[in-house]
Amino acid sequence: MRIPCVDAGLISPLVQLLNSKDQEVLLQTGRALGNICYDSHEGRSAVDQAGGAQIVIDHLRSLCSITDPANEKLLTVFCGMLMNYSNENDSLQAQLINMGVIPTLVKLLGIHCQNAALTEMCLVAFGNLAELESSKEQFASTNIAEELVKLFKKQIEHDKREMIFEVLAPLAENDAIKLQLVEAGLVECLLEIVQQKVDSDKEDDIAELKTASDLMVLLLLGDESMQKLFEGGKGNVFQRVLSWIPSNNHQLQLAGALAIANFARNDGNCIHMVDNGIVEKLMDLLGRHVEEGNVTVQHAALSALRNLAIPVVNKAKMLSAGVTEAVLKFLKSEMPPVQFKLLGTLRMLIDAQEAAEQLGKNVKLVERLVEWCEAKDHAGVMGESNRLLSALIRHSKSKDVIKTIVQSGGIKHLVTMATSEHVIMQNEALVALALIAALELGTAEKDLESAKLVQILHKLLADERSAPEIKYNSMVLICALMGSESLHKEVQDLAFLDVISKLRSHENKSVAQQASLTEQRLTVES
């Protein structure tokens, strides 16, 4: 029926009827246009060309404040027509946003929140529009947060609350709206739902508990909203979230650990939490998930520990609390997300020489790292494994650690890491390799040779795109390799002097200076 209406040229006259002063004519016209737009590209296109959407939005704006039943019926039909017009069509939704539909619908919701049908229409429209990134700024400039929270508090039915959740989740991805939702009291509503549903085994209640706790974690992703809820570690919300960690409910354990990871996004919060015993709570939680544990909980708890280990003052405290031992229990995990966080946590903890030495001599750990250095399907795990190998050498400066890494086959990975596209990783690799050459060149000689280190250094020095620190550390490493007869010969065969003499005039003073020193060294030893 829809396409014949379009072909018969009925759309333009119908849109003209939207200018009528007769409420019944408007009502029936709105219904007819809504039907024509329903799931019909041709219908929508014709309404668009006739300017129907703008007229309907103007009506919504002008009729918004009138609360009699006949007017509310008309408003409901007009909202439905706009939904059919723009449903699952990003460009038409963007058009409605540009026409100012969002502030109009928010005002509508505030005035007519007692009308279930109209409220439902507004919520479905918000759900559709909120998926568009361009809508967030407009939503943020209205009092949508306040209206949704007010509405949420009144709802007792699961389905109605679920409908509001579907609007809240995409809106809460915006930091400004996160803060508005926190200020409007959404968190208290979410905590109440968690408390009510935590012991229920009904499917709906379990789903609502998950939605509420997930949304809570999402609100903590905004810096301002997170800090407001932390309240110096004394806040009611922070304390309630802490109580989720020892819970027997996996969803709450997960949300609690993720919330702590989100609170641990600045040094002040991290220091406060470590001083107040959070590490022990997280280690207890991990301990409950070692054997056939919940992978998402493992990942979340390790994320929290990694973030807490960033401030320098926390590292020693976390080491003496036994974090490395707790984390190492997950070495056998075959789940890349868990492996990734495990590696990140260990790397954050080993700034101290003693800790780096202890871990670097742990053969099981080093062998696992070498294995993960080849995890080509998981770039994150591969990168973190390489960085941890390098960090063990750089922080321990220990011959025993170097021997363990050589015996486990780690040298070739450090050489490959020197060719990484990330300057920070290249640099970490070169510094570790220079320490190997300075402390245990005889042990590592064969591996450095077969990994073609000298050829790689030649490329790095000849490449104009190499960063100054890469050139500098490559030359330091060349000098350190001179103690090996076979590597020395490779350096001579590759005519390094030509490349290095050009670097004496490099704009970076440190590079130019090192080039002169390296040139002298190569000339003397040639």
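Residues numbered from 1 in each chain as written. Predicted model: local features only at pLDDT ≥ 70, side-chain atom pairs only at ≥ 80, totals over all residues. Heavy atoms only, no water.

By the naming in an unreviewed UniProt entry, the chain is Rap1 GTPase-GDP dissociation stimulator 1 isoform X10, taken from Equus przewalskii.

Observations concerning unusual backbone geometry
In the Ramachandran plot, Lys 397 falls in the positive-phi region, its phi being about 50° despite a non-glycine side chain. In this model, Ala 495 sits at a positive phi of 55°, which is unusual for a non-glycine residue. Under the relative-accessibility criterion, Ala 495 is labelled partly exposed at 36%. (Buried < 20%, exposed > 50% of the residue type's maximum accessible area, 1.4 Å probe, protein only.)

Things to note about the pattern of salt bridges
This structure, assessed with the given rule, holds 22 salt bridges. Between Glu 357 and Lys 361 there is a salt bridge, with the nearest N and O atoms lying 3.7 Å from each other. Take Lys 361: its relative accessible area is 40%, and that puts it in the partly exposed class. Residues Lys 412 and Glu 374 are paired through a salt bridge, measuring 3.6 Å at the closest nitrogen-oxygen approach. Here Glu 374 lies in the loop between helix H26 (363-372) and helix H27 (379-396) and Lys 412 lies in helix H29 (residues 411-417), a separation of 38 residues in the sequence. Exposure remark for Lys 412: the relative accessible area of 44% places this residue in the partly exposed category. Through salt bridges with shared partners, one network takes in Glu 133, Lys 136 and Glu 173. (Salt bridge = Lys/Arg side-chain N within 4 Å of Asp/Glu carboxyl O. Helix = DSSP H or I, 4+ residues; strand = E, 2+ residues; numbered from the N terminus.)

Looking at the packing of helix H6 (residues 69-86) against helix H7 (residues 90-98)
Running from N to C, H6 and H7 point in directions that differ by 135°, and their axes come no closer than 8 Å. If you check the angle between H6 and H7, you find them oblique. Here H6 contributes Leu 82, Tyr 85 and Ser 86 to the contact with H7, which in turn contributes Leu 92, Gln 93, Gln 95 and Leu 96. Looking at the contact of H6 with H7 residue by residue, the classes come out as four nonpolar, three polar and no charged. (Axes fitted to C-alpha atoms, helices over the stretch in contact; angles between N-to-C directions. Parallel < 35°, antiparallel > 145°, perpendicular 65-115°, else oblique. Contact = heavy atoms within 4.5 Å. Nonpolar A, V, L, I, M, F, W, Y, C, P; charged D, E, K, R; others polar.)

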